[in-house]
Amino acid sequence: MPCPCAHRCYHYILTSQVNLRYHIPMFKNIRDSFHNLLSPAFKWLQVEISSLCNGRCIYCPHTIYKDYWQGSLMSLETFAKLSPSLKRTKLVYLQGWGEPFLNPDIFKMIKIAKEHGCKVGTTTNGNLINERTLEKAIYSGLDIITFSLAGGEKTNNELRQGTDINHIKTQLSYLGRLPKRPEIHIADMMTRANLDDTIHILEYLNDLPIDNLVISTLDFIACKAIADEQLFPATTEEYDSLLAMLKRIQADGNKRGIAVNYYLGSPDQHYPTCTEMPQYTCFVSSDGSVSPCVFTNLPVDETEYLSNDNLSRYGRLVFGNINDEPLAAIWRKPAYRRFRDQFENGSFYAACETCRKIHMMAQ
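Structure report, in brief. Worth saying up front: this structure is predicted, and the values here are computed from it rather than measured.

Overview of the overall build of the protein chain
Phase 1 of the analysis: The helix and strand inventory of the protein chain stands at 15 helices and 15 strands.
Phase 2 of the analysis: Looking at the protein chain residue by residue over its 363 residues, the buried ones come to 52%.
Phase 3 of the analysis: Within the protein chain, contacts between residues separated by at least 24 positions form 75% of all contacts whose residues are at least 6 apart in sequence.
Phase 4 of the analysis: Working note: accessible area of the protein chain is about 17000 Å², and carbon and sulfur atoms make up 51% of it.

Here is the structure:
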């Protein structure tokens, strides 16, 4: 618990009507120091170090909104501003709407997070992964590397255009020969088009050094053309059928020593929380803006997405920017508090009310 005297001083600085910042140049530094002193403890921080991508996955907003996409790379200076919060963060996950390894500072960012005692992970499409890249990532201290797939060879390269699943398998094989390696995860996107491939995904990846397989479905539908690919059960019968299939894959994983987790929406359930856990985490975009999750902060303006089978105007939900104020100060803003309170009182913001994430439970 913070010192009561320090807390009273902190409260005075924040609420004082005297505009000290125009008279004392150090005011902002003092104020920021108090915010950092009382930094919240995060279960994880999702940090988007790149919103640029060298893949063309047909279901991804990056591809569908390519004419409006305002991609960027997070600067090392911006990332360093997270340092006070990293001290009280269990996991820093370097992932967003782009390819993390496009950022030349990724290895320095991994090191910074590790120096603050964080576990560090990232997700990649594999395009830039080679022996040298993997060695540098391991030397920097990377704990988890996740490769994104969408089924096996039959459908992955078709759905995830610009990527090559055989290249990923080659890199996985190399990792398996190293005396020291990070945890290896596979993130499989399950759609109607690759359902048969997903059923046999572990057979396809047999003998490769995989620690964890996570199977998910499309959560953000950027246009009507891909709506049919979303596997969100419309009936109890469809839910039971998909659930039985996922449990078979999970059982197969247990036999192979691979942990299998999955996310499946239920047509009858509306949960009081969200699988993104925004009460305990947040998303920091490549431009430094802070949002509850990756879905509420796409780098686009004036575009639409599919919400409950209807086209709706997309709007970013941003509570501040770490380039302007500490993450701890943004987290404590009244508006951000009210947002998190919705998961207690069940009165959801529009951005959450129609999101599939509140109909899912991780298994």
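Comments concerning the nonpolar core
Phase 1 of the analysis: Residues V47, F79, L94, F147, L213 and C282 are the most contacted members of the largest nonpolar core, which totals 69 residues.
Phase 2 of the analysis: Setting aside chain neighbours within four positions, we find V47 in contact with M74, F79, L82, V92, Y93, L94, Q95 and V284.
Phase 3 of the analysis: Judged by nonpolar contacts, the second largest core, of 23 residues, contains L218, I221, F295 and L298.

A look at the layout of surface pockets
Phase 1 of the analysis: Taken as a whole, the second largest pocket encloses approximately 610 Å³ of empty space.
Phase 2 of the analysis: In terms of residue class, the lining of the second largest pocket is made up of 22 nonpolar, 6 polar and 8 charged.

Observations regarding the pairing of strand β3 (residues 89-94)
Phase 1 of the analysis: Sheet topology places strand β1 (residues 42-47) next to β3; 5 bridges connect them, and they run parallel. Across the sheet, the residue bridging to W44 is L91, located in β3.
Phase 2 of the analysis: For β3 and strand β4 (residues 119-124), the ladder comprises 4 bridges, and the chain directions are parallel. Residue pairing for β4: L91 is matched across the bridge by K119.
Phase 3 of the analysis: Handedness of the crossover joining β3 and β4 through helix α6 (residues 106-115) is recorded here as right-handed.

Some words on the packing of α6 against helix α7 (residues 131-140)
A packed helix pair is summarised by two numbers, namely the angle formed by the two axes and the spacing between the axes.
Phase 1 of the analysis: Between α6 and α7, whose axes approach to 8 Å, the crossing angle comes to 20°. With respect to each other, α6 and α7 are oriented roughly parallel. Note that α6 runs across α7; the crossing there is right-handed. Judged by residue contacts, F107, I110, K111 and K114 of α6 engage T133, K136, A137, Y139 and S140 from α7.
Phase 2 of the analysis: A per-class count over the contact of α6 with α7 returns 4 nonpolar, 2 polar and 3 charged.

What counts as what
- Residues numbered from 1 in each chain as written.
- Predicted model: local features only at pLDDT ≥ 70, side-chain atom pairs only at ≥ 80, totals over all residues.
- Heavy atoms only, no water.
- Helix = DSSP H or I, 4+ residues; strand = E, 2+ residues; numbered from the N terminus.
- Buried < 20%, exposed > 50% of the residue type's maximum accessible area, 1.4 Å probe, protein only.
- Contact = heavy atoms within 4.5 Å.
- Areas by Shrake-Rupley, 256 points an atom, 1.4 Å probe, with all protein chains shown as cover.
- Core = buried A, V, L, I, M, F, W, Y, C linked by side-chain atoms within 4.5 Å.
- 1 Å grid on protein atoms, 1.4 Å probe; cavity = no way out; pocket = protein on both sides within 12 Å on 5 of 7 lines; lining within 4 Å.
- Points joined across faces, edges and corners; volume = space filled by probe spheres on them.
- Nonpolar A, V, L, I, M, F, W, Y, C, P; charged D, E, K, R; others polar.
- Pairing = 2+ DSSP bridges.
- Right-handed = clockwise from strand over helix to strand, strands pointing away.
- Axes fitted to C-alpha atoms, helices over the stretch in contact; angles between N-to-C directions.
- Parallel < 35°, antiparallel > 145°, perpendicular 65-115°, else oblique.
- Left-handed = near helix turned anticlockwise from the far one by under 90°.

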